[in-house]
Each structure stands twice: as C-alpha cells, then as structure tokens.
Amino acid sequence: MMSPAVRARLPLWRYPILDATSLDEAAAVYSQVAPLRLHQMANTGAFCWRINSVELGPLSISAMDNSASIRAKFEGASDALLLCVTLGESAAESSSGRSATPVARGKAGALTLPWQDVGVVSPAGFQALQVRMPHDAVLNAMATLTGSEVREPSFQRRFALDSPLTEPFMRMLLQLLREADQERTQLLAPGERECAAEALLFRFLLSQPQAHASLHAPAQVAEPRYVRRAAEYLDTHGERQVTMAELTRVVGVSARSLQLGFVKHRGHSPLAFVRARRLERARVLLLTSDAADTVSEAARLAGIEHLGRFSVRYRARFGESPRHTLARRWRPISR
C-alpha cells in the first residue's frame, strides 16, 4: 500500500497527465517529453507514478511522485534543459558519465543539458518538480535580456538551492504553482502563459553563475589585465559614481593609458562602459525585480540619476522604452 505522503495532493493537481501502476505505461507517457527507460528496484513495493503537468508557452512544469524506488535512464534525444528539484524530504541522485548530482531539498537540484544521457535513482515516496526549457527558448531569453546576440551559455549541472542567486527563481516557480492551482487562474488569459514563461526563464538565467556572467560582453583574451580589472571594479561598484582618479588608483595605470586601453580593447571609454552596464542592469530590474515596480525605481537601483537621458539611451540601446519593458513583466496574483 502506498504511503499517505505519496498519495497526498500534488501541485498542479488540475493538470493530471499520468497515474500509472505499470512501468511500461509510465515510460510510454513520459517518453513524449524525453526518451526514458524505467526499472523498479527489487523489493520496494507496488509501483505507482503520478505526474501533473502544465504548459507555459514553450516551457512545461511538472510535479511528480512515485511509490517505489526506481532507476530511470533518460536517453539524450531532447533539445531542452531539464531542471529537477525535490518537493519532499526524500533525496535522489542524478548522474551523467562519472559525475553524480544530489537532488536534495534546500540544497541542490539537478540540471540535465540538451542531448545528454542521464540516470536518476529515486527512493519510494520521492516527490519532485521538473521544468523543461527548450534550448532555443533559453537563448531567446538571453537575447531579450541583453538586447543583442549572445554566445552559448555554460550551465552548472548542480542547481544550488542554497545560493542566493537561485532564490528569485524558486520563489517565482512556487508562485506559478500556486497560480496554476487557482480556480480562476490568470494563466488562462491570452498571452499570460507566454509572459510567465519568459519571466521564469529570465530568473533561471540569472540563477546560473556562468550564464549570468555571459549576459555582459566577454573580455577579450588579449586585453591587458588593467582593462579587465577596471571593468570588474566598475561592474562591482556600478550603483555609485566611480571617479577616474579612484579607478586609476585601483588598477595602477594613468588615466590616459586606461582610456586608450578601453577604447582599443572594449571599443569605448570607461564612461561609456559604465553607461552600458547601467542600462543592462536597469533592463534586468525592469524585467525581473520585485524591488523595482516603477521605471524611476529601476533607474535608481541601477545607479542612473537622470531619468530623461536614461529613457532616450535605453530606447536607443534596446529598441523600446523603459515603460514598455516594465509593462511586459509578469506579475503573479498569488504572492
């Protein structure tokens, strides 16, 4: 008999797609998302696997549980990133090649990359959330955040739930679960699911250290260390005014050398670099931050003082006004 914990109501209960007592049936249904082989581990009780799933534009979010210990083999034929985090106290393990990643509550989830073979071992009573993010949708979200073409980002297989970077993503994911289970959810309104998916992708990208770093233009390999050091310092202190005198003391070269180095290796002056970074920071705030509910708040948090100039420069950089960007941000009813 299944434990009460396993049969408790799962999130997304309005969207059931599977309640199977057969390994073959469960594998056949799940293989519509990604090719899968399932094996029940010996002497672990009756098999039952439930999945609830909702589509959000290009994304899908699934809640699932199983009543018996199983070993699953995901064959690398998917063009999507699959993120798995646990809902309960039971922990699982995801492995690819010789690398193993724990899936434990409050500690870590596992990210499966496109075209990657992955094995998962989960105990009886394991409850999890899975977010499927097509590769193209992830790249499109990167381009939207930056307003330009982006390079292929690098992702960590361990999704660090104990990192402050992941907290906004997890908060929004749980908000979406609550919203989807409302009797009259706003997600049924035209365009709402696509808007919510874009917002969740933004927060996912900002949760990944390497992808977060690649939101900014990468340093040139041959550029001098003082240019790279100056850029890092300006990024770190972007919310306040940094004088040229302060910057030259930090990097140890003259103002003229620093100006020439920036123009040669970054294509613009340190001042233009700061302006570009603040515009990028403001865009991220407008699209994702709960702390910036107005254009003026986003500008202030990004270190921008002149709102009129900001609007002009922002439109020139991103092809839309700050107000238009803010209007696109998805805001859940359930907080």
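Counting restarts for each chain: residues are numbered from 1 in the order of the written sequence. Note on the predicted model: pLDDT of at least 70 is required for a residue's local features to be given, and 80 or more for side-chain atom pairs to be given and counted; whole-chain, interface and lining totals, by contrast, use all residues. As a rule here, side-chain values come from all non-hydrogen atoms in the structure, and water together with hydrogens is ignored.

A. Here's a closer look at the nonpolar core. Core analysis: the biggest nonpolar cluster contains 43 residues, and Ile61, Met133, Leu176, Leu200 and Phe204 have the highest contact counts within it. Secondary structure elements are taken from DSSP: a helix is a run of H or I of four residues or more, a strand is a run of E of two residues or more, and numbering for both begins at the N terminus. Counting residues per element, the ones that place at least two in this core are strand S3 (49–56), strand S4 (59–66), strand S6 (80–86), strand S11 (127–134), helix H3 (135–146), helix H4 (167–180), helix H5 (192–207) and helix H10 (270–288). Take this core: its biggest share by element is 10 residues, from H5. In terms of nonpolar packing, the next biggest core, distinct from the first, is built from 22 residues, Ala27, Leu36, Ile51 and Ala110 among them. Each nonpolar core is a collection of buried residues, namely Ala, Val, Leu, Ile, Met, Phe, Trp, Tyr and Cys, held together in the definition by side-chain atoms within 4.5 Å. When accessible area is computed with a 1.4 Å probe and restricted to protein chains, residues below 20% of their type maximum are described as buried, those above 50% as exposed, and intermediate ones as partly exposed.

B. Expanded view of the sheet that holds S3. Judged by pairing direction, the sheet is antiparallel, and its 7 strands sit side by side in the order S1-S3-S4-S11-S6-S9-S12 without closing on themselves. Single-partner strands in this sheet number two, and they are strand S1 (16–20) and strand S12 (158–160). Geometrically, the sheet is characterised by an average inter-axis angle of 20° between neighbouring strands, direction not taken into account. If DSSP finds at least two bridges between two strands, the strands pair. Bridge count between S1 and S3: 4 bridges; the pairing is antiparallel. Across the sheet, residue Asp19 finds its bridge partner in S3, namely Arg50. Contacts are assigned to residue pairs with any non-hydrogen atoms lying within 4.5 Å of each other. Axis geometry follows a simple rule: fit a line to the C-alpha atoms, using only the stretch in contact for helices, then measure angles between N-to-C directions, giving values from 0 to 180 degrees. Against the sheet, helix H2 (residues 23–30) touches S1, S3, S4 and S11, its axis set at about 160° to S1. In the packing of H3 onto the sheet, the strands contacted are S6 and S11, and the crossing angle to S11 comes to about 70°.

C. Here's a closer look at the pattern of salt bridges. Salt bridge, as used here, is a side-chain nitrogen of Lys or Arg placed within 4 Å of a carboxyl oxygen of Asp or Glu. The tally for this structure, following the rule as stated, stands at 11 salt bridges. A salt bridge links Arg317 to Glu280; the nearest nitrogen and oxygen atoms lie 3.7 Å apart. Taken together, the residues Arg317 in helix H12 (residues 307–318) and Glu280 in helix H10 connect sequence positions 37 residues apart. On the basis of relative accessible area, Arg317 is assigned to the partly exposed category, the value being 28%. Residue classification places Glu280 among the buried residues on the basis of a relative accessible area of 11%. Linked through salt bridges whose partners overlap, the residues forming this network are Glu198, Arg283, Glu320 and Arg328.

D. View of the side chain of Ser94. Considering the arrangement of structural elements, one finds Ser94 in strand S7 (residues 92–96). A polar side-chain atom of Ser94 sits 3.0 Å from a polar atom in the side chain of Arg157. Look past the residues within four positions of Ser94 in its chain and what remains in contact with it is Ser99, Ala100, Thr101, Ala110, Val118, Gly119, Val120 and Arg157. Polar contact is defined as a pair of N or O atoms within 3.5 Å, subject to the rule that within protein one atom must be able to donate a hydrogen and the other to accept it, and that residues adjacent in sequence are counted only when both atoms are side-chain atoms.

E. Fine view of H2. Turning to H2, its buried residues are Ala26, Ala27 and Tyr30. Buried residues of H2, seen end-on, are gathered within an arc of 95° and therefore sit on one face of the element. Measuring from the backbone nitrogen of Asp24 back to the side-chain oxygen at the start of H2 gives 3.3 Å, which picks out Ser22 as the cap. Note: the arc covers the axis-to-C-beta directions of the helix.

F. Summary view of unusual backbone geometry. Its identity as a non-glycine residue notwithstanding, Leu12 has a phi of 65°, on the positive side. The residue Leu12 is located in the loop between helix H1 (4–7) and S1 in this model. A positive phi angle is found at Trp115, which is not glycine, with a value near 65°. Mapped onto the fold, Trp115 is located in the loop between strand S9 (108–112) and strand S10 (118–122). Taking the relative accessible area as the measure of exposure, Trp115 reaches 57% and is therefore exposed.

G. Inspection of the environment of Ser94 at higher detail. The exposure class of Ser94 is buried, given its relative accessible area of 2%. Between the C-alpha atom of Ser94 and that of Ser62, which follows or precedes it by 32 residues, the distance is 17 Å.

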